[in-house]
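These are the residues of each chain, in order.
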Amino acid sequence: MQLKIEKIKTLKGEIEVPPDKSLSHRAVMLGALCKGKIKIKNYSQGEDCQNTLKIFKELGAKIDFENEKNFSLECKELSNPQKPLYVGNSGTTIRLLSGILVGQNFESILEGDESLSKRPMKRIIEPLKLMGANISSKNNDFKAPLIIKKSLLNGINYVSPIASAQVKSCLLFAGLFAKGKTTITEPFQSRDHSERMLKYLGANIEINGLEIGITPSELYPSDLIIPGDISSAAFFLVAAAIVPNAEITIKNVGINSTRTGIIDVMKKMGVNIQILNSRIICNEEIADIKVSYSENLKGITIQGNLIPRLIDELPVITILASQAVGKTIVKDAWDLRNKESDRIKAVCCEFSKLGMCIQEKDDGFEIEGKTKLKGDKIIETYNDHRLAMSAYIAGLICEKPLIINDFQWVNTSFPEFVQTIEKLKEE
């Protein structure tokens, strides 16, 4: 699907963004492990989360839909799948699900699409093997497809070389089925949705700074309500900050402190941003976020323990940085090279076409502003939904129209993206 984007006058209004992907995945995975029926409300309609839901049906979960976003789920026991489990493009699904499946009494195969099959799985395979898991890559290359066989798990003390919520969650989920205590220590804190949801559902979990410990636990059902996804909201936050005279309020967004790096960065850069109506639902912070056009933006340095808190938002942050006076430096973001695309290379290659002054570095990039984006180019998406949506936001302020190839990849996380933008446009 090819899409043409033209410069707009302004954006105004109130919107909601899709349910949080991270929480949606975890709600189904942990919900299926609960002793009884659990209700899940406001579940993501993105392809990744729909694949997770389909997989758990194939693993024996009974799902009764109230409507497409609200349903009850019950799984008395995970059962042997009759065919390989297809995770599509979802790194979250394959890594977290591996942690659950290594503790089961049956063999399973996890496979994904072409893009996912290039992503690194060594980061979960090695620590799971330390726990005694029988897990391997079909082609012996530490990439999908993954083959998982019955095994007996033992708890370990694992010091992770990277701050990764997927690695941490995989091991915590495996720890539910292991003998003894499993402990994971990270160099920085990654997003903590798994820890919060496990605690909410009654798991024996201990959190001591960057060290998280879990022992075999029974989980008990309690309704889960999924807030709006701050990673999806980020595109509209940036749009409101850079489109002249714009003002957007995004309702019911999750503002978990391990995910709000985008808000901290915007404040430091001088964006007019307000957090309204804060509250806690299902052990997660939720609020409304209001952003208006911000003319006097300034460049900053983004690094260190801030990176895990905004890793998915960095592509669209480059658009914001292009409109800031001075240099914005992003470093310590090596893991961007292991996403749906090599996001460092892809962002630098594609956005430089628009006239952005962006320089690729091994662990990030540097952007020099303030720059008028030119447009009149064709942008490639590299099968990456976040790159596609970031390019769209750039197109809203480009001097001439731009074309985005393969824009359909936004369906991975945000099928309603274009319609949501259209609601905000003023003629």
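Use the structure listed above.
In short, a report on the structure. (Residues numbered from 1 in each chain as written. Predicted model: local features only at pLDDT ≥ 70, side-chain atom pairs only at ≥ 80, totals over all residues. Heavy atoms only, no water.)

1. Comments concerning the overall build of the protein chain
Helices and strands together make up the secondary structure of the protein chain, namely 12 helices and 23 strands. Here the protein chain has a C-alpha radius of gyration of 21 Å; the compact-globule value for 427 residues is 22 Å, and the two agree. For the protein chain, the proportion of its 427 residues judged to be buried stands at 60%. Once local pairs closer than 6 in sequence are excluded, the contacts in the protein chain between residues at least 24 apart make up 74%. Of the roughly 16,700 Å² that the protein chain leaves accessible, carbon and sulfur atoms contribute 45%. In the protein chain, the 56 positive side-chain charges and the 53 negative ones have mean positions that sit 1 Å from each other. (Helix = DSSP H or I, 4+ residues; strand = E, 2+ residues; numbered from the N terminus. Rg over C-alpha atoms; globule rule 2.2 N^0.38 Å. Buried < 20%, exposed > 50% of the residue type's maximum accessible area, 1.4 Å probe, protein only. Contact = heavy atoms within 4.5 Å. Areas by Shrake-Rupley, 256 points an atom, 1.4 Å probe, with all protein chains shown as cover. Lys, Arg positive; Asp, Glu negative; His and termini not counted. Charge placed at Lys NZ, Arg CZ, Asp CG, Glu CD.)

2. Concerning the layout of surface pockets
One way to see where empty space is left: roll a probe the size of a water molecule over the atoms. Here the largest pocket defines a volume of roughly 740 Å³. Lining the largest pocket are 40 residues, and of these Ala163, Ser164, Ile311, Asp335 and Lys339 lie nearest its centre. For the lining of the largest pocket, the secondary structure elements donating two or more residues are helix 1 (21-31), helix 3 (91-101), helix 5 (165-175) and helix 11 (385-395). The biggest single contributor to the lining of the largest pocket is helix 1, with four residues. (1 Å grid on protein atoms, 1.4 Å probe; cavity = no way out; pocket = protein on both sides within 12 Å on 5 of 7 lines; lining within 4 Å. Points joined across faces, edges and corners; volume = space filled by probe spheres on them.)

3. A closer look at helix 7 (residues 230-242)
Between the first and last C-alpha of helix 7 there are 18 Å, a value that for 13 residues agrees with the 18 Å anticipated at 1.5 Å per step. Across the 13 residues of helix 7, 13 count as buried, placing the element largely inside the fold. (Expected span 1.5 Å × (residues − 1).)

4. Points about unusual backbone geometry
With an omega of 5°, the peptide bond running from Ala144 to Pro145 counts as cis. One non-glycine residue with positive phi stands out, namely Asn252, at about 60°. Inspection of the secondary structure puts Asn252 in strand 15 (residues 247-254).

5. Some remarks on the packing of helix 9 (residues 314-322) against helix 10 (residues 343-352)
Two elements in contact, helix 9 and helix 10, have axes separated by 10 Å at closest approach and are oriented at 35°. Seen from above, helix 9 lies across helix 10 with right-handed handedness. Across from Pro315, Thr318 and Ile319 in helix 9, the residues of helix 10 making contact are Arg343, Val347 and Phe351. Of the residues that constitute the contact of helix 9 with helix 10, the class distribution is four nonpolar, one polar and one charged. (Axes fitted to C-alpha atoms, helices over the stretch in contact; angles between N-to-C directions. Left-handed = near helix turned anticlockwise from the far one by under 90°. Nonpolar A, V, L, I, M, F, W, Y, C, P; charged D, E, K, R; others polar.)

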